[in-house]
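Residue strings, one per chain:
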Amino acid sequence: MNAMQQLTEWLEAHKGQKLMISKLEYGAGMTSITDSDQVSMTLEAVTFSDRESRDPDGYVANHELVLRGEGAIQGSEHASGPLPAHHFDIPLEDKMSLSVDENQAIVETHQAKYILEANV
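Residues numbered from 1 in each chain as written. Predicted model: local features only at pLDDT ≥ 70, side-chain atom pairs only at ≥ 80, totals over all residues. Heavy atoms only, no water.

Undergrad: Give a description of the nonpolar core that names residues and reports values.
TA: Inside soluble globular proteins, nonpolar side chains tend to come together where they are buried. In this structure, Leu-11, Ile-21, Leu-65, Leu-67, Phe-88, Ile-90 and Leu-116 are the most contacted members of the largest nonpolar core, which totals 23 residues. Mapped by element, the contributors of at least two residues to this core are helix H1 (3-13), strand E1 (18-26), strand E2 (33-42), strand E4 (63-68), strand E7 (87-92), strand E9 (104-108) and strand E10 (112-118). The dominant element in this core, judged by the number of residues it contributes, is E10, at 4 residues. With residues near it in sequence (within four places) discarded, Leu-11 still touches Leu-19, Leu-43, Val-46, Leu-65, Leu-67 and Leu-116. (Core = buried A, V, L, I, M, F, W, Y, C linked by side-chain atoms within 4.5 Å. Buried < 20%, exposed > 50% of the residue type's maximum accessible area, 1.4 Å probe, protein only. Helix = DSSP H or I, 4+ residues; strand = E, 2+ residues; numbered from the N terminus. Contact = heavy atoms within 4.5 Å.)

Now the structure itself:
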C-alpha cells in the first residue's frame, strides 16, 4: 500500500471526529522550523487533487490533500478564528514520508511537517 492510500484510509477512519492539525514549516535545508500553525476541525470530507501539468519552478505541489469541515485556527501568530472556507489544504509531493498509528498521522515533505491527531 502506498503512502497516499494509507493516508486516505486513516482519514476515512476518522471522518466525523475532531482533528488537531499542526503545520510546522521548514526554513532552507529543513534544519529549522520557521513558522507553525494549529487548526482544530471536525473532519467531514477528504479529497485529493492532482495537477495535470507540473509546475516548472516547483512552487505548486503536484498533489493536494483537502480536508473539509468546520474548524478554527488555534492561537496562530498570524490569526485566530474560524477556519476560512471550511477546509485545510496540505500540498503533497511524490517524495514524502508518512507515519501513522491509531490516533496520529504525520506527513512530512521537504517544506513542512503536518501532524494530524484524532480524538483530541
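Text resumes after the structure shown.
Undergrad: Tell me about the environment of Val-46, and name the residues and values.
TA: Assignment of secondary structure puts Val-46 in strand E3 (residues 45-50). Overall, Val-46 belongs to the buried group, its relative accessible area being 14%. Residues Val-46 and Thr-8 lie 38 residues apart in sequence; the distance between their C-alpha atoms is 7.8 Å. Residues in contact with Val-46, not counting those within four places in the same chain, are Leu-11, Glu-12, Lys-15, Leu-65, Val-66 and Leu-67.

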